[in-house]
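One-letter residues, chain by chain:
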Amino acid sequence: MPVFNGVLLPAPSLANSLKSGASVLGRLGLLSATFAVLLAGAPAAFAHEFKVGSLEIDHPWSRATPPGAKVAGGYLTIKNSGGEADRLVSIASDVSQKAEVHEMSVKDGVMTMRKLDTGLDIPANGKAELAPGGYHLMFIGLNRQPKQGEKFAATLTFEKAGPVTVEFNVEAVGGAAPKAHGDHAN
Ligand SMILES: [Cu+2]
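It should be emphasised that the depicted structure is a prediction, and the values quoted were computed from it without experimental measurement. (Residues numbered from 1 in each chain as written. Predicted model: local features only at pLDDT ≥ 70, side-chain atom pairs only at ≥ 80, totals over all residues. Heavy atoms only, no water.)

Visitor: Please explain the coordination of the copper ion as it appears in this structure.
Guide: Ideal values differ by geometry: the angle at a metal is 109.5 degrees with four tetrahedral donors, but 90 or 180 degrees with six octahedral donors. With distances of 2.1 to 2.4 Å, the protein atoms coordinating the copper ion are H102 (ND1), M113 (SD), H136 (NE2) and M138 (SD). Between the four donor atoms coordinating the copper ion, the angles at the centre fall across 89 to 123 degrees, so the site counts as tetrahedral. When the donor residues of the copper ion are listed from N- to C-terminus, their spacing reads H-x10-M-x22-H-x1-M. Separated by 36 residues along the polypeptide, H102 in strand β7 (residues 96–107) and M138 in strand β11 (residues 136–142) bring together distant segments of the chain. For the pair H102 and M138, a shared accessibility class is recorded, and that class is buried. (Donors = N, O, S within 2.8 Å, 3.2 Å for Na, K, Ca; no water. Tetrahedral: all angles 85-135°; square planar, octahedral: opposite > 155°, others 65-115°. Helix = DSSP H or I, 4+ residues; strand = E, 2+ residues; numbered from the N terminus. Buried < 20%, exposed > 50% of the residue type's maximum accessible area, 1.4 Å probe, protein only.)

Visitor: So what exactly am I meant to see when it comes to the side chain of S96 here?
Guide: Counting through the fold element by element, S96 comes out in strand β7. Judged by relative accessible area, S96 falls into the buried class, the value being 4%. Those residues in contact with S96 that lie beyond four places of it in its chain are F139, I140, G141, L142 and N143. (Contact = heavy atoms within 4.5 Å.)

Any functional reading would require information beyond the geometric quantities listed.
Structure follows, in structure tokens:
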């Protein structure tokens, strides 16, 4: 009779525990393989960034709009790892008739927005952040209402780096910057 862990076990029972042990190991192997696949897929799924030249565009996002809304905001961070400043000069998307870079500010207690006619500066070795309450993209004359959970594409054109097509994640109506936004804000 075999001895297992100091306990006398009848042979069939040892065979069973070996068998179940093997299948647990088998399952663990399968799980870790699945996990590895998930991990490998994670950066692409969560980082949500786009590159053109020395620019990296992080986490473009927008908000779902209430029915009848004519405009939607667009937010993202543009990092410039190059030694030369660049400039975001135009935005185009089939979600709206046109798109502009806006600056939001509070003047005499009134929130106002104005279009940046010359575009948005991206400093050398620096970044430009477009976020609610500050600089933002404005999609004007919506062709459809962006819905929470969907994505829409837009092409950003930079003076030096040229055009790059990015995807905006649509967050909830009135949604604050999602956690993922903070995760790679720096
Ligand atoms: Cu605006």
